[in-house]
Amino acid sequence: MTSYNLLIDGKMVPGAMQMPVLNPATEDVVAQCPRASKEQLDAAVAAAKAAYPAWAATPLGERRKYIVQMADVIEANASELAHILTSEQGKPLTDATAEVMGMGGFFRYLASLDLPMKVIEDSGDRRVEAHRRPLGVVGCIIPWNYPLLILGFKLPPALLAGNTLVVKPAPTTPLATLRFAELVQGVLPKGVLNVITDANDLGDVMTRHPDIRKISFTGSTATGQKVMTSAAATLKRITLELGGNDASIVLDDVDPKKVAPGIFEGAFQNSGQVCLAIKRLYVHESVYDEICQELVAIANNTVVDDGTKQGTKLGPLQNKMQYEKVKGFLDDARKNGNVIAGGNAMDRPGYFIQPTIVRDIAEGTKLVDEEQFGPVLPVIKYSDHDDVIRRANATTYGLGASVWSSDTERAHKVASQIEAGTVWINKHLDMAPHIPFGGAKQSGIGTEFAEEGLAEFTQLQIINAAR
């Protein structure tokens, strides 16, 4: 097995302990992973704190060059990183390769941004300037569904703004991140980037740490609430990208054959393990049966297998805990709806669930009311447009949504009434680094991507000078 180490103060070091990382397609051990102690986390934070003054003083243009160099390293090693990612996360190798290349793309675009000084007033009485200053040490906590891509959302803007980093990947998907850290070890000055791992026991230590000035977290709403509570003790800045129960509304004027593939992809990408995936599909009664039929046909022809096998469209769920949780949603679906495709865990090693379509189901059931985060889609019938908007908004979540119609103007009117951070029209999961991304309600706090996301890693300083 390949050996992996932590990155602390510019050195690859063994963990205080080790823990196994499993391949979710086989349940075999992929590698033994280092597990950091609290003392090693403290050392990583201390290294980042020590590196901060010099890094913050480095001109932004120079910091940009370092980030672009890291993008070069990512792309030069894309095949290796993708294979590691598939082995620990389970997604098909083609998807893993796209994730790695997407990570490199985010590095390149976000490195191109700027933090210009803005003159608010320049009069006979005063000159007022707005500056964006770095915060200090930033802690990034990364989930297991897109471990490299989501690191690409956070690391470039944090470093470009002049902060130093301590990164903690998820315990079930740490390997590709540790290998990335090893590959870029010689690119950055020591201490600027530190990567530690845990067994879900150091998150609270990070969020309470007095020397960490900001936490950027992606994960479940329940864990995000804990992060917010913990960070309150030191009034840390926080960016929280949390869960969603994303509604998709299909209007009565669609061509079912035309829209069904996009809907299926929006719901089942990464085996449904996407915070922004379609979790509830509302379909007008006039096209309900046809949409259900089209989705069933796609589901029944979707290849579910080990991500290393050619032709695999969907891999396993990433970990046993999520696998058991999704099996509970299947039980609920069988009790409260009509399962018309899939409906079962697959009888084989690994955490495989058949892509499942459930019709004749409504609110008040677990599958509709909660976030399943797996390959199970409830298809809900509606007849009145005002009513379906009310039903779509009747949730504590507000991450994403979509509207499907042959009339874009009509769809836009519906989209404008949905309480979500992002609403797509005739597509879903279309994201890019230049488009701001954030959630409404309990789906998050703050913004990622673009200039707005970069600003989240800064302190606004006003300099107000008398004339």
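Relevant structure appears above.
Within every chain, residues take consecutive numbers counted from 1 along the sequence as written. Given that this is a predicted model, residues contribute local features only at a pLDDT of at least 70 and side-chain atom pairs are listed and counted only at 80 or more, while totals for whole chains, interfaces and linings are drawn from all residues. Hydrogen atoms and water are omitted, and side-chain values are computed over all heavy atoms in the structure.

Colleague: Would you take a moment to explain the overall build of the protein chain for this structure?
Modeller: Helix and strand content of the protein chain: 15 helices and 20 strands. Radius of gyration means the value over C-alpha atoms here, while the globule rule gives 2.2 Å times the residue count to the 0.38 power. Against the globule reference of 23 Å for 467 residues, the protein chain gives a C-alpha radius of gyration of 23 Å, in line with a compact fold. Overall, the C-alpha framework of the protein chain stretches about 65 × 65 × 40 Å when taken along its three principal axes. With 467 residues in all, the protein chain has 56% of them scored as buried. Working rule for contacts: check all heavy atoms of both residues, and any pair within 4.5 Å makes them a contact. Of all intrachain contacts in the protein chain linking residues separated by at least 6 positions in sequence, the fraction that spans at least 24 positions is 73%. Accessibility throughout is a Shrake-Rupley quantity obtained with a 1.4 Å probe, and a residue counts as covered only by protein chains that appear here. Element-wise, carbon and sulfur atoms account for 51% of the exposed surface of the protein chain, whose accessible area totals about 18300 Å². Side chains of the protein chain carry 46 positive and 54 negative charges; the gap between the two charge centres is 6 Å. Numbering goes from the N terminus for both helices and strands, where a helix is a DSSP run of H or I of at least four residues and a strand is a run of E of at least two. Burial classification: accessible surface area is computed with a 1.4 Å probe over protein chains only, and a residue below 20% of its type maximum counts as buried, one above 50% as exposed, and the rest as partly exposed. Think of it this way: Lys and Arg go in the positive column, Asp and Glu in the negative one, and His and the chain ends go nowhere. By convention, the point assigned to a charge is CZ for Arg, NZ for Lys, CD for Glu and CG for Asp.

Colleague: I'm lost on the sheet that holds strand E14 (residues 338-341) in this one. Help?
Modeller: The strands making up a sheet associate through hydrogen bonds between their backbones, and the pairing can be parallel or antiparallel. Strands sit in the order E14-E15-E16-E13-E12-E17-E18 across an open sheet of 7 strands; the sheet is mixed. The open sheet is flanked by E14 and strand E18 (422-425), the only strands paired with a single partner. Put simply, the sheet's adjacent strands are angled 25 degrees from each other on average, direction ignored. Any two strands between which DSSP finds at least two bridges are classified as paired. Of the strand pairs in this sheet, strand E17 (residues 400-404) and E18 are connected by 4 bridges, and their pairing is parallel. Considered in E18, the bridge of Ser402 is made with Trp424. A fitted line through C-alpha atoms serves as each axis, taken over the contacting stretch for helices, and the angle formed by two N-to-C directions is quoted from 0 to 180°.

Colleague: Looking at this structure, how should I read the packing of helix H3 (residues 78-89) against helix H6 (residues 175-184)?
Modeller: Packed helices, taken two at a time, are described by the angle between their axes plus the distance between the axes. Interhelical geometry of H3 versus H6 gives an angle of 155 degrees and a closest axis separation of 8 Å. One way to sum up the angle between H3 and H6 is to call them roughly antiparallel. Contact residues: Glu80, Leu81, Ile84, Leu85 and Glu88 in H3; Leu175, Ala176, Arg179, Phe180 and Leu183 in H6. Taken together, the residues of the contact of H3 with H6 sort by class into 7 nonpolar, no polar and 3 charged. Working rule for angles: under 35 degrees goes down as roughly parallel, over 145 as roughly antiparallel, 65 to 115 as roughly perpendicular, anything else as oblique. Residues were grouped as follows: Ala, Val, Leu, Ile, Met, Phe, Trp, Tyr, Cys and Pro as nonpolar; Asp, Glu, Lys and Arg as charged; and all remaining residues, including Gly, as polar.

Colleague: Teacher, can you tell me more about empty space enclosed by the protein here?
Modeller: By rolling a water-sized probe across the atoms, one finds the places where empty space is left. Only protein atoms enter the 1 Å grid used here. Points where a 1.4 Å probe fits but cannot escape make up a cavity, open sets with protein on both sides within 12 Å along at least five of seven lines make up a pocket, and a residue lines them when an atom lies within 4 Å of a point. Grid points are joined across faces, edges and corners, and a volume is the space filled by probe spheres set on the points. Scanning the entire structure with this criterion turns up 4 cavities of 30 Å³ or more. Taken together, 16 residues form the lining of the largest cavity, with Arg280, Ala392, Tyr397, Gly400 and Glu419 sitting closest to its centre. Going through the elements one at a time, strand E12 (246-250), helix H13 (385-393) and E17 are the ones with two or more residues in the lining of the largest cavity. Grouping the constituent residues of the lining of the largest cavity by class yields 7 nonpolar, 6 polar and 3 charged.

Colleague: So what exactly am I meant to see when it comes to the pattern of salt bridges here?
Modeller: Between side chains of opposite charge, pairing is possible as soon as their charged atoms come close. Should a side-chain nitrogen of Lys or Arg be within 4 Å of a carboxyl oxygen of Asp or Glu, the pair is scored as a salt bridge. The final tally for this structure, using the stated rule, is 34 salt bridges. The closest approach of N and O atoms between Arg108 and Glu75, which form a salt bridge, is 2.8 Å. One end of the pair, Arg108, is in helix H4 (residues 93-111); the other, Glu75, is in helix H2 (residues 60-76), with 33 residues separating them in the sequence. Its relative accessible area of 29% is what places Glu75 among the partly exposed residues. Measuring nitrogen to oxygen at the nearest pair gives 2.9 Å for the salt bridge that ties Arg126 to Glu121. Overall, the relative accessible area of 38% leaves Arg126 in the partly exposed class. For Glu121, a relative accessible area of 25% gives the class partly exposed. One continuous salt-bridge network, built from bridges that share partners, spans Asp122, Arg127, Glu129 and Arg467.

Colleague: Any chance you could explain the environment of Val376 here in plain terms?
Modeller: Position of Val376 among the secondary structure elements: in strand E16 (residues 376-382). With a relative accessible area of 2%, Val376 lands in the buried category. Distance from Val376 to Ala341, taken between C-alpha atoms, is 9.5 Å for residues 35 residues apart in sequence. With near-sequence residues (within four places) excluded, Val376 lies in contact with Phe268, Val326, Leu330, Thr356, Val358 and Leu367.

Colleague: Which parts of the structure should I look at to understand the pairing of strand E13 (residues 278-284)?
Modeller: Consecutive side chains of a regular strand alternate in pointing toward one face of the sheet and then the other. Within E13, 7 of the 7 residues are buried, which leaves it mostly tucked inside the rest of the structure. When the strands point away from the viewer and the connection leading from the first strand across the helix to the second strand turns clockwise, the crossover is called right-handed. At this point the chain moves from E12, through helix H9 (residues 256-268), to the parallel E13, and the crossover so formed is right-handed. Pairing between E13 and E16: 4 bridges, direction parallel. Considered in E16, the bridge of Tyr282 is made with Ile380.

Colleague: What's the story with the packing of aromatic side chains in this structure? I'm lost.
Modeller: Only the six-membered ring of Trp is used, alongside the rings of Phe and Tyr, when aromatic pairs are assigned; centres must lie within 6.5 Å, and planes under 30 degrees apart are stacked while those over 60 apart are edge-to-face, with the rest tilted. Summed over the entire model, instances satisfying the criterion amount to 9 aromatic pairs. Between Phe437 and Phe449, the ring centres sit 5.4 Å apart and the planes meet at 35 degrees, which makes this aromatic pair tilted. With Phe437 in the loop between E18 and strand E19 (444-445) and Phe449 in the loop between E19 and helix H15 (450-455), this pair connects stretches of sequence that are 12 residues apart. For Phe449, a relative accessible area of 2% puts it in the buried group.

Colleague: Is there a simple way to explain the packing of H9 against helix H10 (residues 288-300) in this structure?
Modeller: Running from N to C, H9 and H10 point in directions that differ by 50 degrees, and their axes come no closer than 9 Å. When the axes of H9 and H10 are compared, the pair comes out oblique. H10 is crossed by H9, and the crossing has right-handed handedness. Seen from H9, the contacting residues are Pro256, Lys257, Val259, Ala260, Pro261, Ile263 and Phe264; seen from H10, they are Glu290, Ile291, Glu294, Leu295, Ile298 and Ala299. Residues belonging to the contact of H9 with H10 are distributed by class as follows: 10 nonpolar, no polar and 3 charged. Crossing chirality is assigned from the near helix's rotation relative to the far helix, an anticlockwise turn below a right angle marking it left-handed and a clockwise turn marking it right-handed.

Colleague: Quick question: what am I supposed to make of the layout of surface pockets here?
Modeller: Size it by volume and the largest pocket reaches roughly 1200 Å³. Lining the largest pocket are 40 residues; nearest its centre among them are Trp144, Phe217, Gly219, Ser220 and Thr223. Of all elements in the fold, only helix H7 (203-208), strand E10 (214-218), helix H8 (221-231) and helix H11 (320-336) reach the threshold of two or more residues within the lining of the largest pocket. Examining the composition of the lining of the largest pocket, we find that 6 residues originate from one element, H8, more than from any other. Its residues placed into classes, the lining of the largest pocket shows 17 nonpolar, 14 polar and 9 charged. Reported here for the second largest pocket is a volume of approximately 550 Å³. As for the second largest pocket, its lining consists of 27 residues, of which Tyr146, Leu149, Gln269, Val274 and Leu429 are closest to the centre.

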